[in-house]
Amino acid sequence: MHNRVINYTVKEIFISAKTEQMRISQKLIEILRTELNGNDCTDDDLSADEAREVYSLAMKHNVQSMAADWLLKHGVSDETVFEGMATSLTISQWTDQLISKAASALNDAGIEFMFLKGAVIRNDYPEPWMRMSGDIDILVHEQDKVRAREVLCRDLALESSQSAVEDTLVSKGGVMIDLASMLIDKDHKWEEQSSLSDIWNHALPGKLQYERVLCDDMRYTHAVMHMARHFDNGGCGINHVMDLWVLNHRISVTDEMRAARNALLNKKGIKKIEEAFVAVSEKWFSGADVPTMDGLEDMIINGSAHGNPENTLLTKRGKYGKLGYKLSRLFVPYNYLKQLFPSLDGHRWMTPFYEVYRWIYHMKNGRTSVILDEFKKADAISDALAEKTRKNMKELFG
């Protein structure tokens, strides 16, 4: 009897905690909806602790500027919220300056360029500071990439950190510029299905002579792709879902534009993904009474802006099963392996040797125990939850 009482109490505590988490996440969604639409919440009865929890969740999803704005307007006197709002405004101003300076520097150098993602969509929000981002994405031609990096480092006093995919240039203010020559990894399955390599041929003129603007259908499709890749890796964040809502509501979308978007989404094989996330965006930010995919909202909220280990384990366990997940961690694909070891690039036949070398590298650096711990956590995921996740991932990604 004593054990039953203890177990029942623990269950009550768990349910209570889960209910409170739902209340906090629902309150954050309501706050974001009011910030986007310019109206107000019907209920602003938040305790000081609840306000801090709302702000903490907002930070995980890169929407802290909007949450802080609402909380401060509703009398929340919290030092963390004050500092967060001040930081958001400072980053936004610094981002504006970097965008302007980068555009001028590249244009003066005669380098064709276009801004992507947050650097563009922030202007479609009610206020640019509402769209938080720690980086500025710029696309240039492959042959111009080295010169573009040199120009930006020289004229904007940036420090360069190169990777296999993009060059990251870091400013003194902490805002980064990601310099890329492709919209998505050329080895990714979506790129193989239908290339976006003709992006420059469809680009529109920008404000400056050498500035180009992504046409609407490619811009929208790229936003869906970017969000889906985050989700596939364990989390896409409320901010990405909000971007979709902004692209559907904050700009004028004609029937012709909608048709062009749908045609490209279907061509890329991601129309189902877009529909599922648009449904969530309509429910959250329009207050629409629409059905959403079972478990999708929880995965977005639990995953935060860039995913978390628990969600990553869940998505991989759902996609591959217990054994398949372990094999995917033991033997990684060539395209991933060559990013870890650039010397492998162009020598696919050497993949098995590099797989062995990778494990030797992990053992020397103490990573083996971490991976074995991941296996235990993956095994602990209930079969029912894994199966639901598998069905969702299959429906979304095929």
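Look up a bit, the structure's there.
Since we're looking at a predicted model, the values are computed, not measured.

A. Structural context of a nonpolar patch on the surface. Residues L323, L327 and F331 make up a contiguous nonpolar surface patch of roughly 330 Å² in combined accessible area. With respect to the helices, strands and loops of the structure, F331 is situated in the loop between α13 (309–330) and α14 (334–340).

B. Summary view of the nonpolar core. Grouped together as the largest cluster of nonpolar side chains are 67 residues, with contacts concentrated most on L28, F231, I273, F277, W284, F285 and I300. Every residue in contact with W284, bar those within four places of it in the chain, is listed here: I29, R33, I238, V241, E297, I300 and I301. Residues A105, A119, I136 and L169 belong to the second largest nonpolar core, which totals 23 residues.

C. Layout of empty space enclosed by the protein. Applying the stated criterion to the full structure yields 1 cavity of 30 Å³ or more. In this model, the largest cavity occupies a volume close to 70 Å³. As for the largest cavity, its lining consists of I91, S92, T95, G118, A119, R122, W129, R131, M132, S133, D135 and I136. Looking at the lining of the largest cavity, the element that brings in the most residues is helix α4 (residues 79–108), giving 3 residues. Grouping the amino acids of the lining of the largest cavity by side-chain chemistry returns 5 nonpolar, 4 polar and 3 charged.

D. Structural detail: the pairing of strand β5 (residues 176–180). In terms of burial, β5 is largely enclosed, as 4 of its 5 residues are buried. Both strand β2 (residues 135–140) and β5 contribute to a ladder of 5 bridges, which runs parallel. In the sheet register, I136 faces β5, and the bridge partner there is I177. In the sheet, strand β4 (residues 167–170) pairs with β5 via 4 bridges, with the strands oriented antiparallel. Paired with V170 across the strands is M176, a residue of β5. What sits between β4 and β5 in their antiparallel hairpin is a turn of 5 residues, with G174 showing a positive phi close to 95 degrees.

Calculation criteria
Residues numbered from 1 in each chain as written. Predicted model: local features only at pLDDT ≥ 70, side-chain atom pairs only at ≥ 80, totals over all residues. Heavy atoms only, no water. Patch = residues over 30% accessible without salt bridge, like charges linked within 9 Å, V, L, I, M, F, W, Y side chains within 5 Å. Areas by Shrake-Rupley, 256 points an atom, 1.4 Å probe, with all protein chains shown as cover. Salt bridge = Lys/Arg side-chain N within 4 Å of Asp/Glu carboxyl O. Helix = DSSP H or I, 4+ residues; strand = E, 2+ residues; numbered from the N terminus. Core = buried A, V, L, I, M, F, W, Y, C linked by side-chain atoms within 4.5 Å. Buried < 20%, exposed > 50% of the residue type's maximum accessible area, 1.4 Å probe, protein only. Contact = heavy atoms within 4.5 Å. 1 Å grid on protein atoms, 1.4 Å probe; cavity = no way out; pocket = protein on both sides within 12 Å on 5 of 7 lines; lining within 4 Å. Points joined across faces, edges and corners; volume = space filled by probe spheres on them. Nonpolar A, V, L, I, M, F, W, Y, C, P; charged D, E, K, R; others polar. Pairing = 2+ DSSP bridges.

Geometry only, nothing functional implied.
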